[in-house]
Every structure is written in structure tokens, then in C-alpha cells.
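Now for the letters of each chain:
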Amino acid sequence: MQLIHCYSASKFYGTMGVLQVQLLLVPFLTSTLGAAQYLVQDAALMNYMDRRFLSLEKRLEKCNQDILDYVDEFRDFSKMALSRLAGLNSYKAEVKREVQNLLTRIERAQRDIDYFGSVTDSNPCIEVHEDLVKQQLLEEAEGKKKLKLMLNASCDHMLAGIKSLKIVKKTGDKHGSWMKDPGKKHTKIYLLNGSVNNVIFEFANIMTFMENNQTLSARRVTLPFPWEGTGHVIYQGFLFYHRYGSLNEIIKFNIQSRKVADQMLLPGAGRIPAYQLSPHTKIDLAIDEQGLWAIHAEPETGGNIVITKINHITMAVEHTWDTPCSSKDAEAAFMACNTLYVVYNSPSGGTSRIRCVYDVLDAVNTYEIPALHFPRRQGSHSTIHYNPKEKQLFAWGDGSQIIYKLRTQQKI
């Protein structure tokens, strides 16, 4: 009985041990299975997030590439638009020039009609009445009479030759201009160095100008706008010059007060050089016994020289003449007593000579004359200006300031 009791007790305790072990294994297994499940879930989540990030990266890369493509496309479009705009601006400028040229030609034609007083009949079958012819001739004569009064017909001499020269000084650039003011009683000398500049040197007299250190003895006058070319003149205390950077703007500058007094646009001028051998000068201004003139060339005249009379007080155009004098091989020109004298040379530089003369009051008899040569000098001129007060030419040749004395005779 005791053995049976011991066996039963042993069996009971064994069963209890198994149950205890089982009870201990259940939490462990449950914990292990839960951790494994969490690991699987985390791996799936990480895989999902990785795929999403890869998708986002691809979309960002595509967006970046699209932006680069858009930038390249916009750059190409900008270039095309700027090119089109530049073309439109060029076309606009061309149209503006053509319109301005047309207006100039219309104004000139109107002035010529008023000048000659011509009347035309559109029907060629109708005979012109003698009274109408007489009336036309009277109106033409009246127009010429008014023009002569405007230009002061007492100016009756013409150039017969150039008798001597004097090289006053050699200073400055190859291109430049120097002069006296024929409208003032003073003896001041003005020097304008270069084809583009904005500083005038004013000397008390020619002796001061001839001193070695000219800049110390000169009064400097600074212009508000630089000049272009060498075709400027000084008259009655004012400097008249072609403004640099403009097509045909002429500035009237008061030297004493150092202020711009007036300005004007010269119709038809500024598109081509006035002289083929002096391409830096598009508008050449001149002074003679009658006042201010402008000398230039136009494509519509085949490059022939055009002269315009300007009222120096009002800065208004009084009349324009198309001359037969060619600008080809011309280096300079000047006005003297209502007459244009054109100076020619060779492109390589040789002896300057006057070959074409045009008298605005006797244009019918204007023709090319036997050449009047400039004496004892080889080279070219940048500027030749006539001084009506002293009846001399003030010239600039290869950096030298030259005075030419003239020989004149009565007009025939």
C-alpha cells in the first residue's frame, strides 16, 4: 500500500512538472511568434517605403529633366524672340528712314516748285497760252530775284587760284579742325582735335596758338555732347557741329555761356559720308559771306554733293541745291561767295585740287573746271574752311594747321 501510494505520488508530481513546463513554454512561444510577426510586418513596411521612395525619386528625376527641357526650350524661344525683335527694330528704322527721305524729297520738290513758280497742265493736247508762259517766266525771275536778295548779290568775286600756303603749326591728330570766328572782331583761334571729341581749345591769338605748350595757354571749353567728323564751324560766338551718335542733328552751342542755344535736324543728311576720302565727316558745315551752309551727300543723288543754306539764327533750312559735283575721290569742300568748291585727291594721298565749282546763283553755267592745284604739298586734308573776313582757307592736313592765301577775280 505504501508502494502504491509512493508511485501515485510520484506520478502526480511528474504530471504537475509537465504542466508547469508547458505553462512556461506558452508565453515564450507566444512572445517569439509575436516578434517574428512584427519582423515580417516591419520588413514589408520597409519594402513598401523603399518602393515609394524609388517612385518619388524617379518622379523627381523626371520633373527635373522636364524643367531642364523647359529651360532649354525657353532659352531657344528667347533667342528667337530677340532675333525677331531685332529684325523688327531694323525694319522699323529702315521704314522710318524711307519715310523721312520721302518727306525730304517732297519738301524739296515743293521748294523747287515755289522757287521756279512752275505750273503744269495734265492735258498735253491743250496749247500753253503765251500769257501763261510770260507769267511763268516772271514768277521764275521773281523767285531768282528773291533768292539773290536773300544771298546778298553784292558778293561778286570767285576763286582764280591758290597762291601760297603757310604751315602755322603741326599739332594734334590726323583729323581735326581749327579756325577763327569771322563774325567777331577778336583774333581768337579755336582748335578742335580729332574726329570725335568734346573739348575746344580757345587761344587769345595766333601767336599764343603757336607756342610750344599750347594746352597751358588755352582756355578749355567742354561740350555737353561730343562732335562727329571735322565739319564744324564757329560763327558769331556759336559753335555749330554735327552731334556724335545722331544721324543728322546739328547743335548750336554758345561758347561764352557754355550752353546749347538750339538744335535742328538736317533733312536727308547723315546717311553717307559727305566726301569719299573723308568718311568720318557726314555733314560738313561752312561759313561764307552769306552765313551758314551745310554740305553733305545723299544716296538719291547718286552720291553727288548737296548744299543747304541754313539760317544761323533760327536754325531753319532756307533752300537746298542738288549739285553735279561727285563725292567720289573728294576729300573736302568749302563755300565762298555763294559758290561751292570741291577738293579732290587720290585715295593714296597726292596733290589736292579743285575740280568742281557750283554757283547757286548761276547753276546753269556750272561745270567741271580745269583743276586748281594746292601749292607745293603732298598729302590729304581733313578739313578746309573758308574765312570770309580774311579771304583765306584754314586747313588741317595730316596733323598740320595750314593757311592758304587765295587769288580771286570778278565773276563773269
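The rules behind each value
- Residues numbered from 1 in each chain as written.
- Predicted model: local features only at pLDDT ≥ 70, side-chain atom pairs only at ≥ 80, totals over all residues.
- Heavy atoms only, no water.
- Disulfide = S-S within 2.5 Å.
- Helix = DSSP H or I, 4+ residues; strand = E, 2+ residues; numbered from the N terminus.
- Buried < 20%, exposed > 50% of the residue type's maximum accessible area, 1.4 Å probe, protein only.
- Salt bridge = Lys/Arg side-chain N within 4 Å of Asp/Glu carboxyl O.

### Focus on the state of the cysteines
For step 1, the next point in the chain: Going through the model one piece at a time under the given rule, you end up with two disulfides.
For step 2, the next point in the chain: One disulfide in the model links C155 with C337; its S-S distance is 1.6 Å. Taken together, the residues span a long stretch of sequence, with C155 in the loop between α2 (130-151) and β1 (157-170) and C337 in the loop between β14 (330-336) and β15 (339-344) at a distance of 182 residues.
For step 3, the next point in the chain: Overall, the relative accessible area of 10% leaves C155 in the buried class.
For step 4, the next point in the chain: At a sulfur-sulfur separation of 2.1 Å, the disulfide partner of C325 is C356. Across the disulfide from C325 to C356, rotation about the S-S bond amounts to roughly -75°, and the bridge is consequently left-handed.

### Concerning the environment of T351
For step 1, the next point in the chain: Mapped onto the fold, T351 is located in the loop between β15 and β16 (353-359).
For step 2, the next point in the chain: Judged by relative accessible area, T351 falls into the partly exposed class, the value being 25%.
For step 3, the next point in the chain: A C-alpha to C-alpha distance of 7.0 Å links T351 and H373, two positions 22 residues apart in sequence.

### Some words on the pattern of salt bridges
In a structure, side chains of opposite charge can pair up when their charged atoms sit close to one another.
For step 1, the next point in the chain: Counted by the stated rule, this structure contains nine salt bridges.
For step 2, the next point in the chain: Each of the salt bridges in this network shares a partner with another, and the network as a whole consists of K188, E202 and R219.

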